[in-house]
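Here is what each chain is made of, one letter per residue.
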Amino acid sequence: MTSRPGFHLAIPVDDLARARAFYGGVLGLAEGRSAETWVDWNFYGHQLVTHAVPAARQADAGHNPVDGHDVPVPHFGLILSIEDFHTLADRIRAAGIEFVIEPYLRFAGEPGEQWTMFLRDPAGNALEFKAFRDESQIFAR
């Protein structure tokens, strides 16, 4: 994988303790700086910040049909190695987290072949994780 600039994303959560249990416990992210109202997370080398906002339950702007699934919009996530993708999927299952879209393989045998899965954090933020057979084909048509 080529070197990419890191991103910073700040998202609302309604309960920092539940955010810590999910992002630190379920996803296994390292916690960085924090205060009473926010927590920095090492999101695979990127900075993700959960900000406590009372009643922050996220409303989807909508859904788009993809491969017969209703993909929640907005969503965010990462492109992982195939091994890390399946390890994370196993962690999520072991934690009893319900998938919005179960892990599955898209474009099998075609350019851009990829694993994908969708889930929500406890505040309702939608996350997608992907893994490409060949990362040079991330933008292949």
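Here's what I pulled together on the structure shown here. (Residues numbered from 1 in each chain as written. Predicted model: local features only at pLDDT ≥ 70, side-chain atom pairs only at ≥ 80, totals over all residues. Heavy atoms only, no water.)

Details of the overall build of the chain
Here's step 1: Tallying secondary structure elements over the chain gives two helices and ten strands in all.
Here's step 2: Across its three principal axes, the chain shows a C-alpha extent of roughly 50 × 30 × 30 Å.
Here's step 3: Within the chain, residue pairs in contact and separated by at least 24 positions form 55% of the contacts whose partners lie at least 6 positions apart.
Here's step 4: Total accessible area on the chain stands at roughly 7800 Å², and carbon and sulfur atoms take up 52% of it. (Helix = DSSP H or I, 4+ residues; strand = E, 2+ residues; numbered from the N terminus. Contact = heavy atoms within 4.5 Å. Areas by Shrake-Rupley, 256 points an atom, 1.4 Å probe, with all protein chains shown as cover.)

Points about the pattern of salt bridges
Here's step 1: Counted under the stated rule, the structure contains seven salt bridges.
Here's step 2: Taking the shortest distance from any N to any O, the salt bridge between D14 and R18 comes out at 4.0 Å.
Here's step 3: You can call R18 partly exposed: its relative accessible area is 38%.
Here's step 4: Note that R93 and D90 form a salt bridge whose closest N and O atoms lie 3.5 Å from each other. With R93 and D90 both in helix α2 (residues 82–94) and three residues apart, the pair spans about one turn of that helix.
Here's step 5: Judged by relative accessible area, which is 43%, R93 ranks as partly exposed. (Salt bridge = Lys/Arg side-chain N within 4 Å of Asp/Glu carboxyl O. Buried < 20%, exposed > 50% of the residue type's maximum accessible area, 1.4 Å probe, protein only.)

Notes on the sheet that holds strand β8 (residues 99–106)
Here's step 1: Strand order across the open sheet formed by four strands is β7-β10-β9-β8, with mixed pairing between neighbours. At either end of the open sheet lies a strand with only one pairing partner, and these are β7 (76–80) and β8. The average angle at which neighbouring strand axes cross in this sheet is 10°, direction not considered.
Here's step 2: As defined by bridge partners, strand β9 (residues 114–120) adjoins strand β10 (residues 126–132) across seven bridges and the pair is classed as antiparallel. Bridge assignment links W115 to a residue of β10, and that residue is A131.
Here's step 3: Against the sheet, α2 engages β7, β8, β9 and β10, with an angle of about 30° to β9. (Pairing = 2+ DSSP bridges. Axes fitted to C-alpha atoms, helices over the stretch in contact; angles between N-to-C directions.)

With respect to the environment of Q47
Here's step 1: One can find Q47 in strand β4 (residues 46–52).
Here's step 2: Overall, the relative accessible area of 28% leaves Q47 in the partly exposed class.
Here's step 3: Each residue touching Q47, except ones within four places of it in the same chain, is listed here: F7, H8, L9, R33, D40 and W41.
Here's step 4: A polar side-chain atom of Q47 sits 3.2 Å from a polar atom in the side chain of D40. (Polar contact = N/O pair within 3.5 Å; in protein donor to acceptor, adjacent residues only side chain to side chain.)

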